[in-house]
Amino acid sequence: MNHVSAPHWDIFCTVVDNYGDIGVTWRLAKQLTCDYQLPVNLWVDDLQSFSHILPELDPSLARQVFNGVSIHQWNCPLDIPYEPGQVLIEAFACELPDIVKQSLLAVKQSRGTPPLWLNLEYLSAESWVEGCHGLPSLQANGLKKYFYFPGFTAKTGGLICENALFDERDQWQADPQHKLALFRQLGLSGIEADDTVISVFSYESAALLSLCHTWQHADHHVHALIPKGRSLHSLLDILPCTLEQLVCGQQFSMGNLTVHILPMTDQQTYDRLLWSCDFNIVRGEDSFIRAQWAAKPFIWHIYPQEDDYHLVKLEAFMQLYCDNLPPEIAELWQALTLSFNQEQQAAVSHHWQQLNLVSLPLLQHAKQWPNDALNAADLASRLVQFVENS
């Protein structure tokens, strides 16, 4: 594939739900810069939230550079004049500033070809995505905007995955000392190599409290690693203190369950955390994909939508994910995932106990799935090719 040699790309992102949207766009910007040597400007409206996954970021600065990406504070109006480049990505239907749209139109009027304007959509496994991916939409000002849909099939825009990620993961997981060193680095103590370790990054759910009670009575030691945030709101009944009093590195035990309070981490450390756990409970889009790349069993806690449409999206993914699983394991995993998302406390506990988390078929499937899902080309590669073809 020929690399694009042209002016810069712009990505505009509004931060929703703290980390999901910015997590995806930050990974994409880094990969475009690192793997394709493309100059990228990332415009973000909430640098404070961004700094939670990029601790070196200074939220008070209007412009700064990390990993080769120029990060701009997106204020209204913009702090600096906007200069159109080759490509403009509007992430997740965020509303572009009028001055940006006017600049695109001005370029079209002066040279006939405006920058390629893309709307990077949310990820979905639904079948209709293939038919909508890459379609143009004529705007009121006469410009065209193209819909770019990430997805799991060859006819979609692909999934974010850095070129060397799977090799790095395999090297990490080959040596148990890596995970134990990471736990120590994060201030977590008392975890042995053979203990069951579960990471939790969910929305509020009564099902999580039910799982904690189940883990409490497990026949082996279970460690639940939970950052300060929305997951812990579900555990108020068992916390030893208020949420405000919790500190990172703190832990408390109930029977065979130990809950550890995690610090927020950068993206590389979070990847390694997922690689190091036996099971991951994740939310949103970015963590959802990273849990799949971790090659470990997981539950996706999908963001609730009106009329339970999120369950339609969840069902579409579960059918895709379970395609090559033995039916009895597929049914259990789907039942566990669905009961967690529907906050069915008794059911989620029952299904957890029924599902053998170390069963060979489930683990083999988790390891093979990343290669199947990637479909030979990641999102950045397909995106660059889409721009070249356009």
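Refer to the structure presented above.
Residues numbered from 1 in each chain as written. Predicted model: local features only at pLDDT ≥ 70, side-chain atom pairs only at ≥ 80, totals over all residues. Heavy atoms only, no water.

A. Representation of the side chain of Thr33 within the structure. Among the structural elements, Thr33 can be located in helix 1 (residues 20-36). On the basis of relative accessibility, which here comes to 15%, the residue Thr33 falls in the buried class. Within the local environment of Thr33, its side chain forms a polar contact with the backbone oxygen of Leu38, the two atoms lying 3.3 Å apart. Setting aside residues up to four positions removed in sequence, Thr33 forms contacts with Leu38, Val40, Asn67, Gly68 and Val69. (Helix = DSSP H or I, 4+ residues; strand = E, 2+ residues; numbered from the N terminus. Buried < 20%, exposed > 50% of the residue type's maximum accessible area, 1.4 Å probe, protein only. Polar contact = N/O pair within 3.5 Å; in protein donor to acceptor, adjacent residues only side chain to side chain. Contact = heavy atoms within 4.5 Å.)

B. Summary view of the environment of His260. Mapped onto the elements, His260 comes out in strand 12 (residues 257-262). Residue His260 is classed as buried on the basis of its relative accessible area, which comes to 0%. Between the C-alpha atoms of His260 and Ser189, which are 71 residues apart in sequence, the distance is 8.7 Å. The residues touching His260, leaving out its near neighbours within four places in the chain, are Leu188, Ser189, Ile191, His223, Ala224, Leu225, Ile226, Gln250 and Gln251.

C. Examining a nonpolar patch on the surface more closely. A contiguous nonpolar patch, built from Trp128, Tyr309 and Val312 and spanning about 270 Å² of accessible area, is present on the exposed surface. Inspection of the secondary structure assignment puts Val312 in helix 10 (residues 309-321). The partly exposed category is assigned to Val312, whose relative accessible area is 42%. (Patch = residues over 30% accessible without salt bridge, like charges linked within 9 Å, V, L, I, M, F, W, Y side chains within 5 Å. Areas by Shrake-Rupley, 256 points an atom, 1.4 Å probe, with all protein chains shown as cover. Salt bridge = Lys/Arg side-chain N within 4 Å of Asp/Glu carboxyl O.)

D. Layout of helix 3 (residues 98-111). Taking 1.5 Å of rise per residue, 14 residues should cover 20 Å, and helix 3 covers 20 Å from first to last C-alpha, within 8% of that figure. Turning to helix 3, its buried residues are Val100, Ser103, Leu104 and Val107. Mapping the buried residues of helix 3 onto a view down its axis gives an arc of 100°, with all of them on the same face. Along helix 3, the residues that are exposed and aim more than 90 degrees away from the buried face are Asp98 and Gln109. On its buried side, helix 3 packs onto strand 1 (9-13), strand 5 (87-91) and strand 6 (116-120). (Expected span 1.5 Å × (residues − 1). Arc of directions from axis to C-beta.)

E. Local environment of the pairing of strand 4 (residues 69-73). The buried fraction of strand 4 is high, at 5 of 5 residues. On strand 4, burial covers both faces: Val69, Ile71 and Gln73 on one face and Ser70 and His72 on the other are all buried. Relative to strand 4, strand 2 (residues 40-44) is paired through 4 bridges, and the arrangement is parallel. Residue pairing in the sheet places Leu42 in a bridge with Ile71 of strand 4. Relative to strand 4, strand 3 (residues 63-66) runs antiparallel, the two sharing 4 bridges. Note on strand 4: the bridge partner recorded for Phe66 is Val69. (Pairing = 2+ DSSP bridges.)

F. Local environment of the sheet that holds strand 12. A sheet is described by the order of its strands in space; here 6 strands give the open sequence 11-12-10-9-13-14, paired in mixed fashion. Every other strand in the sheet has two partners, leaving strand 11 (251-254) and strand 14 (298-301) as the edge strands with one partner each. Across the sheet, the axes of successive neighbouring strands diverge by a mean angle of 15°, strand direction being ignored. Sheet topology places strand 9 (residues 196-200) next to strand 10 (residues 222-227); 4 bridges connect them, and they run parallel. Its bridge partner being in strand 10, Ser199 is matched across the sheet by Leu225. Helix 8 (residues 267-276) contacts strand 9, strand 10, strand 12 and strand 13 (279-283) of the sheet and is inclined by roughly 135° relative to strand 13. (Axes fitted to C-alpha atoms, helices over the stretch in contact; angles between N-to-C directions.)

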